[in-house]
Structure formats: structure tokens, C-alpha cells
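An overview of the molecular structure
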Amino acid sequence: MSIIEDLVIASRTLAEHGVIDSYGHASVRSETDAERYLMPRAIAPELVTEDDILEFDLDSKPIDGRGRAVYNERFIHGEIYKLRPDVKAIVHNHSPAVVPFSCTEAELRPIFHMSAFIGLGVPTWDIRDAQEGTDLLVRTPLLGESLARTLGRFPAALMRGHGSVVVGESLQIAVGRTIYLEQNARMQFQAVLLSAPSGRIVFMDDKEVAANVAWQEYGRAWNLWKTRWTARLNAEKAAAQGAKWPYDSASNEGQ
Ligand SMILES: [Zn+2]
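So, here's what we can say about the structure. Since this is a predicted model, take the numbers as computed values, not measurements.

Let us look at unusual backbone geometry. The residue after A196, namely P197, is reached through a cis peptide bond having omega 5 degrees. By the secondary structure assignment, P197 is in the loop between α6 (171-194) and α7 (206-213). If you check the backbone angles, S60 has positive phi at about 65 degrees while not being a glycine. With respect to the helices, strands and loops of the structure, S60 is situated in the loop between β3 (53-57) and α2 (75-83). With phi around 50 degrees, R66 is a residue other than glycine that occupies positive phi space. For R66, the location among the structural elements is in the loop between β3 and α2. Here R66 falls in the exposed class, since 8 other C-beta atoms lie within 10 Å of it.

With 7 of 9 residues buried, α2 is to be regarded as a mostly interior element. Every buried residue of α2 is accounted for by F75, I76, H77, G78, E79, I80 and Y81. Summarising the contacts, the buried residues of α2 are in contact with β1 (25-29), β2 (36-40), β3, β4 (89-93), α5 (141-151) and β7 (163-168).

This paragraph deals with the nonpolar core. Core analysis: the biggest nonpolar cluster contains 60 residues, and I80, L147, A157, V165 and A174 have the highest contact counts within it. With 8 residues, the single largest contributor to this core is α6.

Between helix α1 (residues 3-16) and α6, the least distance of the axes is 11 Å, while the angle of their chain directions is 5 degrees. One element, α1, and the other, α6, form an angle in the roughly parallel class. Contact with α1, carried on its side by D6, L7, A10, T13 and L14, involves L171, V175 and T178 of α6 and no other residues of that element. When the residues that make up the contact of α1 with α6 are grouped by side-chain class, the tally is 5 nonpolar, 2 polar and 1 charged.

Cut-offs and rules
Throughout, residues of each chain are indexed from 1 in the direction in which the sequence is written. Per-residue local features of the predicted model are confined to residues with pLDDT of at least 70, and side-chain atom pairs are confined, for both listing and counting, to 80 or more; whole-chain, interface and lining totals are unaffected and use all residues. A run of H or I in DSSP counts as a helix once it spans at least four residues, and a run of E counts as a strand once it spans at least two, with each numbered from the N terminus. Any residue with 12 or fewer other C-beta atoms within 10 Å of its own C-beta is exposed, any with 20 or more is buried, and the rest are partly exposed; the C-beta atoms used are placed from the backbone. Here contacts are defined at the residue level, using C-beta atoms placed from the backbone and a cut-off of 7 Å between them. Put simply, a nonpolar core is a cluster of buried Ala, Val, Leu, Ile, Met, Phe, Trp, Tyr and Cys residues tied together by C-beta atoms within 7 Å. For helices, the axis comes from a line fit to the C-alpha atoms of the stretch in contact; other axes are also lines fit to C-alpha atoms, and the angle between any two N-to-C directions lies between 0 and 180 degrees. Orientation categories follow fixed angle ranges, with anything under 35 degrees roughly parallel, anything over 145 roughly antiparallel, 65 to 115 roughly perpendicular, and all other angles oblique. Ten residue types, Ala, Val, Leu, Ile, Met, Phe, Trp, Tyr, Cys and Pro, are classed as nonpolar, four, Asp, Glu, Lys and Arg, as charged, and the remainder, Gly among them, as polar.

This is the structure:
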């Protein structure tokens, strides 16, 4: 299966889990040129097909845009790929349970073993520190670089009042982390309510975090998502080809 097919499946899976809405996006570094990355054209992730995938250089210019609109916030991806050679995939999301942690003093911490990577550190980036009066969107290389610098060596960064960016050594890790970041945020919020009035919550400690992230690649989950979406996408393709029949025969009548 190609990296393009994987990116389609990643986009569909993230949308299905409600961690990206119409405006989030996933990307993957090119396997043949580390100075390029692949990302869909500007389209809701739930609608992405292989034909929508474009290639970009690390300045986030499309190599061959085919006249298609591209995401305003593509600079998030290009600037992180520049600063982090280890990163092979990126998800930018507006994951709803995560946003409150981006604009309060509540610190997101690993409460759940599938989200252990949070224990490596998840800094918060406030766009206002880079530029005042923005619409909170990362519309320029300067803002993308500022975010990338705050992300630093960490697996994710929160974006104040906006969402987060999650990175990984592979597409499956970036997707898995994004889904479990949302789950951890929801569980932590629930634990805060349940733990009142003592407020005592037992989080994973550093040793537990290290023991988990050493092997956690979300492989079984990725296999499930691929299996499910490969079948659905094949059905979509078959339906699209079937739909052409009456159209084709109608056009042949005129010859
Ligand atoms: Zn955004």
C-alpha cells in the first residue's frame, strides 16, 4: 500500500474519531525526498481521496498544485519538518477536549497508558507571543516557525484557543497519538470532577511513561483503521466507476 493511500486512510480515520473536523489536516514526509511532504488539497479530511494529495516543499509551496486551493495553515507542517528531521508525519487538529487545556493553567498529563507520550512533555504555544491581533490561524512561515520552536523535541504542542499539533516517527504514530491525546484530555477532565474535593489523581510517572513509549506504536489500531478504510474506499471507487456507466453511454449516443 502506498504512502498516499495511507495518508487518505489517516485523514478519514482522524475525521471518524472526531479529532479533526472540517479544518484539521494530516501530512507525511516524502519517502523519496526528505525535503518534501505530502498533504491533501484544501478539503474536509473526511472527503480526502488519493487524487487530492499534493506534494509540497519545506517552504510549503506546492510542487504541482494543479490549480487547487491549499490549506492556509500548511506552514505548520513545513516549518516542523524543517526543524525536526526525525518527524515523518504531522497532524494538526482542533480536537475539542484538548482545547480547554490550551487556554487554562490546567496541565495536560498522562492519565491513561495509551497516552503515555504526553509524559514526554506537551508545551503550549500562544500565537500572541509571536504576533498580536491574529485570527489564531498559522497563516505564515513566521508563525509556523514559532510554533515549531515551541514544539521543540516534544511529541505534541497545544495551540492556545485553537487545538494542537502532534508529530510522530510514522503516520500511524502521529494518528494514534492524536486520537489518544483527545481521550486523555477527556479522561483527565472526568478525573478532576471525580477526585473532588481531595483533588488527588494518580498520573503515570516518568518510569511508566518511559516503559510505555519505548514500544507504543499503535500498530494494532493502525491495522484496524487500514482494514476498515481500505474496504470502504474500495467500495467508494467501485460505486464511482459504476456511476459512470449511464453517463458514458449517454455521451456515446451523440457519436
Ligand atoms: Zn487550525
